[in-house]
Amino acid sequence: MNGTAFSLFLLIVIATLFITYFAAKRTKNANQFYTAGGGLTGWQNGLAISGDFMSASSFLGIVGGVALTGFDGLYLLLGALVSYLVVMYLVAEPLRNLGKYTLADMITARFDRKKVRGFAALNTLTISIFYMLAQLVGAGVLIKLLLGFEFTTSLIIVGVLMTVYVLFGGMTATSWVQIIKAGLLIAGTFVLFILVLSKFNFNIMTIFEQAKQASPLGDAFLNPGLRHSGLDAISLNIGLLLGAAGLPHVLIRFFTVQDAKVARKSVTVATWVISIFYVMAIFLGLGATVLVGTGTIIDANPAGNMTAPLLAKTLGGNFMFAFISAVAFATILAVVAGIVLSGASAFAHDFYNEILRGGKATEKEQVRAARIAAISVSVISIIIALFVKDLNVAFLGALALTLAASANLPVILYTIYWRKFNTTGAVTSMIVGLFGTIILVFLSPNVWDPEGHAIFVGKALFPLSSPGIVSIPLGFIAGYLGTVLSRKKDDSKARNEAYDKILVQSNLGKDA
Amino acid sequence: MDDNKKYSQIVQTVEFQQLLKAKKRFIVPAIIFIAAFFIFLPIMTTYSTVLNKPLIGPITWAWFLAFLQFIMTWTMAGLYSNKAAKFDHLSDQIKTKRPGKHDGAKEVNDL
C-alpha cells in the first residue's frame, strides 16, 4: 500500500472520530439523536444533502462512466440532478412542516394508525438495507483498489466506523462527517478540474475533439446508446428522476433544520453544489479518456471505477492520488452512516417507541433503543454484504432508488396533496409499490441470465433491468384504487377535517 | 373550540384559498415542464439519432441538450426561490390575521 494514501486515510479516520467525540457530548435526547436538534443551517444541510448524492459509486462511477462510454455516462448524473427539483417543488417544505423524526411521522400526521406507520417503517428499512448493500459491496471493492485492504477487512473497518459515528454522535456526527467530506471532495474535484482544463488550454472544444479521437469508440463515444438503450434507458431515467424524493436517508435530512424556509434553502444550496460538482465530473471523465487512456483505465478496473484516482495520479502525482483515494474512502463512510441512521430511526422511533410503546418511551429509553437499532442495522447489513459479495449487485443502488419512487413517493404525494386519500389507499400503495418492485426485479435480467452472468441461469420473465416505468405507476394506481374502492360515506367529515389540518400545517407550518 | 375545526376554518378563508391557488398555478405547470424537459432527452436519444448531428465543432445536439438540463435546473431552482418568497409573504399574512372567532373564518379580504 501507498504510504501517503495510508497516512491520509488515518487522518480522515482520526478527524471523523474527533467530530463524533464532540457530537456525542451534544447527543443526549431523541431529538438530538435523530435530527441534530433541528439546528443545522441551510448551508450546512445543503452540503450534507449534496454529500449524500456524492457517494463513492456516483463520484467514481460518473467519472469512469463518462471516460469509458462518453455520453451514456451522463445518464445517471442528469437524473440525479433534475431529481433535486422534484424534491424542491413537491416534497421538501411540506415534509419539514409535517414530520418530526422519520418519514412515517409525516404520513401518520394524517393517518394516525399503527399499520400505516408499520408499513412506512418497513419501506424505510427495506430501502435502506438495499441501498446500504449496494454501497457496502461497492465500498469493499473500492477500498481494496484504493488502499489495498482485503474485502472482509475493508467491510469491517467501514462497519465499525459507521456504527461508531451513529452510535455516539447520532445525526450531529453523521451530518458533520458528510459536510466535511463534501467540502473535501468538491475541493479535490475542483483542483483536478482546473488541472484538466489547463492541459487543454481552457478550450472546451479541444477536450471534446481529443476525447473523441482518444477513445477507441471514435465517433460513437460522443453519441448516446452505448450502454443504455431502448425502453430500459427511459425506465432507468424515470426511476432516477423520482427516486430521490422518496429516499429515506435524504428525506430525514430535512428534519435537521428549524423550518420550511431553511429546508428550502438547504435544497437550493444542494442543487447548486451538486450541479457544479457534476459539471466538473463530466470534464474529469472526458479529460481522463485523453490523459489516462481507455486501456489503462480498463486495466485498473473494467468498470472504470479507478478513473478519477488514476487521473489524479497523472495530473498531481502520488499525493493527489492519495488525496482522492482518501476522500473516496471518506465518501463511503459518510454515506453509509446516513443510511444506518435512517434505518435505525425507522426501527427505534417507529417500531419501538411509537408502535410497541405507544409513543410513551422516555427520552433515555428512546436513545438507548436508537443505539441498539444502529448496531443491529450495521451488523445485519455487514453480514449480508459478506454473503452477497461475489454476486453482481451493481443493480442494488438503482433498485433502492426505484423502490423509493414506487413505494414511498406515491404515499408521500397523496398524503400531502390528495384530499380523498385514506388509510387503505396508503397501505395498498406502500405494499404494492414495495413488493411490486421487488418481484419485478426478481424476475428481471439482473437476476436471470441464460448465460449465467446473473444470480440464476435462465430466461428473465420481465424484460427490463430497471422496473421503474412499471413499478412507479403501480404504486400510484394501487394508492388510487385502494382509496376509491374502500371509500365509505359515514366518516367523510372527520376525514375532511383531518386533511384540512394537513393542508394548513403543510403550507403554514406546525405552529399555525 | 375543537382543534380540527380551527384548521377547517383557516382552509375556508379567502386568503388561504388564494395561497393554495397561487401555489397550484405555479407548481403544477412547472413540474410538468421539468419532467417533460428531462424525459425528452432520453426519449430522443433512445428512439432517434437526430441528436447525433453536430452543433458546434465536436459538440452534438445531445451534449447541448444535456448541458441545457443544467441551465434548466438552475433557472427552475431560482424561479422557485423567487416564487416561494412571495408565498411566504401570503402565509405570513394568513398567520397574523388568523381567524380566532367562529365567524372570523368568513371574513373577506377586499383586495
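Going by the annotation in an unreviewed UniProt entry, the name recorded for chain A is Cation/acetate symporter, with Scopulibacillus darangshiensis given as the source organism. Per UniProt, the comment on chain A under Subcellular location (unreviewed entry) is "Cell membrane".

A. Region of the structure containing the overall build of chain B. Within chain B, the regular secondary structure consists of three helices and two strands. Listed N to C, the secondary structure of chain B is α-α-β-β-α in terms of helices and strands.

B. Spotlight on the overall build of chain A. Counting its regular elements, chain A contains 19 helices and two strands. A compact globule built from 512 residues should have a C-alpha radius of gyration of about 24 Å, and chain A, at 22 Å, falls within 12% of that. Considering only C-alpha atoms, chain A reaches an extent of 70 × 50 × 40 Å along its principal axes. When each of the 512 residues of chain A is scored for burial, the buried share is 64%. Sequence separation of at least 24 residues holds for 81% of the intrachain contacts in chain A that already meet a minimum separation of 6.

C. Highlighting the interface of chain A and chain B. Taken together, the contact pairs 38 residues of chain A with 38 residues of chain B. Looking at which element gives the most residues to the side of chain A that touches chain B, the answer is helix α19 (residues 492–508) of chain A, with eight residues. Counted by class, the side of chain A that touches chain B contains 22 nonpolar, nine polar and seven charged residues.

D. Region of interest: the UniProt feature "transmembrane region" (unreviewed entry) in chain B. All names here are of chain B. Feature annotation in UniProt places "transmembrane region" (unreviewed entry) on residues 26–47 and 59–80, given in this structure's numbering. Helix and strand shares over residues 26–47 are 100% and 0% respectively, and the end C-alpha atoms of the span are 32 Å apart. A distance of 31 Å separates the end C-alpha atoms of residues 59–80, which is 91% helix and 9% strand.

E. Broad picture of the packing of helix α9 (residues 204–214) of chain A against helix α12 (residues 260–291) of chain A. Residues and elements named next belong to chain A. Interaxial distance between α9 and α12 falls to 8 Å at its minimum, and their mutual angle equals 50°. Here α9 is positioned oblique relative to α12, judged by the angle of their axes. Our pair here, α9 against α12, has a crossing hand that is left-handed. Between α9, through Ile207, Phe208, Gln210, Ala211 and Ala214, and α12, the contact on the second element is made entirely by Phe283, Leu286, Gly287, Thr289 and Val290. In terms of residue class, the contact of α9 with α12 is built from seven nonpolar, three polar and no charged.

F. The arrangement of helix α2 (residues 14–47) of chain B in detail. All names here are of chain B. For α2, which comprises 34 residues, the first-to-last C-alpha distance of 48 Å matches the rise-based estimate of 50 Å (1.5 Å per residue) to within 8%. The axis of α2 is deflected most strongly, by about 25°, at Phe40, and proline Pro42 appears within four residues downstream. Here α2 has its buried residues at Glu15, Phe16, Leu19, Ile34, Phe38, Leu41, Pro42 and Thr45.

G. Geometry of the confidence of the model for chain B. Residues and elements named next belong to chain B. Overall, the predicted model of chain B reaches an average pLDDT of 84, with 85% of residues at or above 70. In the predicted structure, residues 101–111 sits below a pLDDT of 50 and forms ten contacts with residues beyond four places in sequence or in another chain. Reported for the predicted complex are a pTM of 0.92 and an ipTM of 0.91.

H. Local environment of unusual backbone geometry. All names here are of chain A. Backbone geometry places Asn201, a non-glycine residue, at a positive phi of 50°. Assignment of secondary structure puts Asn201 in the loop between α8 (151–199) and α9. The class of Asn201 is exposed, set by 8 C-beta atoms lying within 10 Å. Phi angles above zero are rare outside glycine, and Phe202 is one such case at about 55°. When you line up the elements, Phe202 lands in the loop between α8 and α9.

I. Expanded view of the packing of helix α5 (residues 75–98) of chain A against α12(A). All names here are of chain A. With their axes 9 Å apart at the nearest point, α5 and α12 run at an angle of 175° to one another. Between α5 and α12, the angle is such that the two are roughly antiparallel. Contacts from Leu77, Leu81, Tyr84, Val87, Met88, Ala92, Glu93, Arg96 and Asn97 in α5 reach Ala260, Ala263, Arg264, Val267, Ala270, Thr271, Ile274, Ser275, Tyr278 and Ala281 in α12. Looking at the contact of α5 with α12 residue by residue, the class counts come to 13 nonpolar, three polar and three charged.

J. Main features of helix α3 (residues 61–96) of chain B. The first and last C-alpha atoms of α3(B) sit 52 Å apart over 36 residues, in line with the 52 Å expected at 1.5 Å per residue. Within α3(B), burial applies to B:Ala62, B:Trp63, B:Ala66, B:Gln69, B:Thr73, B:Met76, B:Ala77, B:Tyr80, B:Ala84, B:Ser91 and B:Ile94. Buried residues belonging to α3(B) abut α5, α12 and α19 of chain A together with α2 and β2 (59–60) of chain B.

K. The nonpolar core, seen in detail. All names here are of chain A. Among the nonpolar cores identified, the biggest contains 215 residues, and Leu284, Phe329, Leu333 and Val336 are the most heavily contacted of them. No other element matches the 30 residues that helix α14 (residues 307–356) contributes to this core. Apart from the residues lying within four places of it in its own chain, the contact partners of Leu284 are Val63, Thr189, Leu192, Phe193, Val196, Ala308 and Leu311.

L. A look at the environment of A:Ala24. Residues and elements named next belong to chain A. Along the chain, Ala24 falls in helix α1 (residues 3–25). Once the C-alpha coordinates of Ala24 and Tyr278 are considered, the two residues, 254 residues apart in sequence, prove to be 34 Å apart. Excluding its chain neighbours within four sequence positions, the residues that come into contact with Ala24 are Phe168 and Gly169.

M. Summary view of the environment of B:Lys21. Summarising the element assignment, B:Lys21 is placed in helix α2. Considered as a pair, B:Lys21 and B:Lys5 are 16 residues apart in the sequence and their alpha carbons are 22 Å apart.

N. Up close: the environment of A:Leu85. As for its position among the elements, A:Leu85 is in helix α5. Sequence spacing of A:Leu85 and A:Val504 is 419 residues, and the spatial spacing of their C-alpha atoms is 23 Å. The contacts of A:Leu85, once residues within four sequence positions are left out, are B:Ile34, B:Thr73, B:Met76 and B:Ala77.

Scoring rules and cut-offs
Residues numbered from 1 in each chain as written. Chains lettered and ligands numbered in written order. Predicted model: local features only at pLDDT ≥ 70, side-chain atom pairs only at ≥ 80, totals over all residues. UniProt positions renumbered as here; feature names shortened; annotations may be inferred. Helix = DSSP H or I, 4+ residues; strand = E, 2+ residues; numbered from the N terminus. Rg over C-alpha atoms; globule rule 2.2 N^0.38 Å. Buried ≥ 20, exposed ≤ 12 C-beta atoms within 10 Å, placed from the backbone. Contact = placed C-beta atoms within 7 Å. Nonpolar A, V, L, I, M, F, W, Y, C, P; charged D, E, K, R; others polar. Axes fitted to C-alpha atoms, helices over the stretch in contact; angles between N-to-C directions. Parallel < 35°, antiparallel > 145°, perpendicular 65-115°, else oblique. Left-handed = near helix turned anticlockwise from the far one by under 90°. Expected span 1.5 Å × (residues − 1). Bend = angle between axes of the 7 residues up to and from the residue. pLDDT = per-residue confidence, 0-100. Core = buried A, V, L, I, M, F, W, Y, C linked by C-beta atoms within 7 Å.

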